[in-house]
Amino acid sequence: MEWLTVPFEATFVQRALWGGVLVSAICALAGTWVVLRGMAFLGDAMSHGLLPGVALAALLGGNPMVGALLSAAVMTAGVTALGRTPRLSQDTGIGLLFVGMLSLGVIIVSRSQSFAVDLTGFLFGDVLAVREQDLALLGGALLLALAVSVLGHRAFLALAFDARKARTLGLRPRLAHAVLLGLLALAIVASFHIVGTLLVLGLLIAPPAAALPWARSVRGVMVLAALLGVTATFFGLLLSWHLSTAAGATVSALAVVLFFLSHLASGIRHRHARPAGIRPAATD
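This text gives an overview of the structure that appears in the document. Once a new chain begins, its residue numbering starts again from 1 and follows that chain's sequence as written. Since the coordinates come from a predicted model, pLDDT governs what is reported: local features require at least 70, and pairs of side-chain atoms require 80 or more to be given and counted, while whole-chain, interface and lining totals use all residues. Heavy atoms throughout the structure, all of them, feed into the side-chain values; hydrogens and water do not.

### Thoughts on the overall build of the chain
- Looking only at helices and strands, one finds 14 helices and zero strands in the chain.
- Secondary structure elements are taken from DSSP: a helix is a run of H or I of four residues or more, a strand is a run of E of two residues or more, and numbering for both begins at the N terminus. When the elements of the chain are put in sequence order from the N terminus, they spell out α-α-α-α-α-α-α-α-α-α-α-α-α-α.
- Using a 1.4 Å probe on the protein chains alone, a residue whose accessible area is under 20% of its type maximum counts as buried, one over 50% counts as exposed, and one in between counts as partly exposed. By residue count, 46% of the 284 residues in the chain fall in the buried class.
- The criterion used for residue contact is that any of the two residues' heavy atoms lie within 4.5 Å. Nonlocal contacts in the chain, meaning residues at least 24 apart in sequence, comprise 77% of its contacts between residues at least 6 apart.
- Reported accessibility uses the Shrake-Rupley method at a 1.4 Å probe radius. Residues are deemed covered only where the shown protein chains occlude them. Total accessible area on the chain stands at roughly 14300 Å², and carbon and sulfur atoms take up 67% of it.

### Focus: the nonpolar core
- Definition used in this section: a nonpolar core is a set of buried Ala, Val, Leu, Ile, Met, Phe, Trp, Tyr and Cys residues joined via side-chain atoms within 4.5 Å. In terms of nonpolar packing, the biggest core is built from 79 residues, with Trp33, Leu42, Leu50, Leu184 and Leu204 touching the most fellow members.
- The greatest single-element share of this core, amounting to 14 residues, is contributed by helix 11 (residues 173-195).

### Thoughts on the pattern of salt bridges
- Salt bridges are defined by distance alone: a side-chain nitrogen of Lys or Arg within 4 Å of a carboxyl oxygen of Asp or Glu. Scanning the entire structure with this criterion turns up one salt bridge.
- Residues Asp134 and Arg131 are paired through a salt bridge, measuring 3.3 Å at the closest nitrogen-oxygen approach.

### Remarks on the packing of aromatic side chains
- Pairing of aromatic rings covers Phe, Tyr and Trp, the last through its six-membered ring, and needs centres within 6.5 Å; plane angles under 30 degrees mean stacked, over 60 mean edge-to-face, and all others mean tilted. Under the definition given, this model contains six aromatic pairs.
- Between Phe8 and Phe234, the ring centres sit 4.7 Å apart and the planes meet at 5°, which makes this aromatic pair stacked. One end of the pair, Phe8, is in the loop between helix 1 (2-5) and helix 2 (11-37); the other, Phe234, is in helix 13 (residues 218-243), with 226 residues separating them in the sequence.
- A residue is classified by how much of its surface remains accessible, and Phe8, at 13% relative accessible area, is buried.
- Through a chain of ring-to-ring contacts, three or more aromatic side chains come together here, namely Phe8, Phe234 and Phe235.

### Some details on the environment of Gly202
- Summarising the element assignment, Gly202 is placed in helix 12 (residues 200-211).
- Under the relative-accessibility criterion, Gly202 is labelled buried at 11%.

### Focus: helix 8 (residues 132-151)
- Expected helix span is taken as 1.5 Å per residue step, with the number of steps being one fewer than the number of residues. For helix 8, spanning 20 residues, the distance from its first C-alpha to its last is 29 Å, which sits close to the expected 28 Å at 1.5 Å a residue.
- Turning to helix 8, its buried residues number three or more, namely Asp134, Leu135, Leu138, Ala141, Ala145 and Ser149. Across the axial projection of helix 8, the buried residues extend over an arc of 120°, all falling on one side. In helix 8, the exposed residues that point more than 90 degrees away from the buried face are Glu132, Ala136, Leu143, Val150 and Leu151.
- Buried positions along helix 8 lie against helix 2, helix 9 (153-161) and helix 11. Within this analysis, the arc is defined by the directions that extend from the helix axis to the C-beta atoms.

### Considerations on a nonpolar patch on the surface
- For patch building, the residue pool is restricted to those with more than 30% relative accessible area and no salt bridge; the joining distance is 9 Å between like charges and 5 Å between nonpolar side chains (Val, Leu, Ile, Met, Phe, Trp, Tyr). On the surface, a nonpolar cluster with roughly 630 Å² of combined accessible area is contributed by Met1, Trp3, Leu4, Phe235, Leu239 and Leu243.
- Listing elements by their share of the nonpolar patch, those giving two or more residues are helix 1 and helix 13.
- Tallying contributions element by element places helix 13 first for the nonpolar patch, with three residues.
- Structurally, the position occupied by Phe235 is in helix 13.
- Judged by its relative accessible area of 38%, Phe235 is partly exposed.

### Section: the side chain of Ser266
- By the element assignment, Ser266 lies in helix 14 (residues 247-272).
- Ser266 has contacts with Pro213 and Trp214, leaving out every residue within four places of it along the chain.

### Overview of unusual backbone geometry
- With a phi angle near 60°, Ser244 is a residue other than glycine that sits in the positive phi range.
- By secondary structure assignment, the location of Ser244 is in the loop between helix 13 and helix 14.

### Details of the environment of Gly236
- Inspection of the secondary structure puts Gly236 in helix 13.
- Once the C-alpha coordinates of Gly236 and Ala247 are considered, the two residues, 11 residues apart in sequence, prove to be 6.7 Å apart.

Pasting the structure below:
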C-alpha cells in the first residue's frame, strides 16, 4: 500500500496530480469533438503553432501563457479564414499554417543562444512544477470550457454529424466551427505547460478515443474520457516516481496504452457478443 501512497505525500506531486486532473477534464471536453470530427491533425498543428508566441514572450521577458494565447488566436483565425476558401482543402490550409507558424517559432528561437531549456519545457512540459496559481488558472479554464461545451453542445453535435442539417436548423455551422476551434485552443493552451505540446495530444485524443467504444452518448464519452485521463495521470505519476522517468511523458504514454487496451477489450467483447445484442452508441 505504501507503494501507492508514498509519492503523493510530496506537495509537488499532489499539485501535479490536481493539475493532471484539471487538464484531463479540459481535454475530455475538447478532445471528444476532436475525435468525433477527425480533427487530430488540426490539434497537432495548433499545439505546435503555439511556439512563436511562447518563444517571443520568453525572449521579451513576458508571460509564455500570454504568448501562447496570441499564437492560438492567430491559428484559430487562420484556420477559420482558410476554411472558407473554396479552392483550398482544409488539410492543405492547416498544413501551411502548421509549417509557417512552426518555422516562425524556430526562427525566433534561433535568435537566442540560451533557449534550449525553455524549448524543452515547451515541447515536453513539467507536470511536477505545477504551482498553486497554475491550478487556479486551470480551474478557470475548466469552467470556461464547460460553459462553452454546454452552450454549444447542440450546434457542435449537428456540426459533427451533418453540417448541412446544422445550417438548415439555423445553428450557424461556421460560427460553431470557430467556437469549437476556440475550445480546442483553450485546451491546448491550458495544457501545454503541464505536459508540453508534443505530449498534449496524448490527453487530448487518447482518452476520448478509448472511451468511444463504451459510451452511448457524447456526454458519456466526455465523462469516461475524463476518468481515463485522471487514471493515466495518477498511475503515470506513480510510475514516474518509482521508475525515475519523465512524468509528463509517462502520463501521456499511459493514456495511449489505455486506448489500445480499451480497443482490444472492445474487439474481444464484439467477437463474443451476439449480433442482436450489439447496439450502436447514441449520438445525443
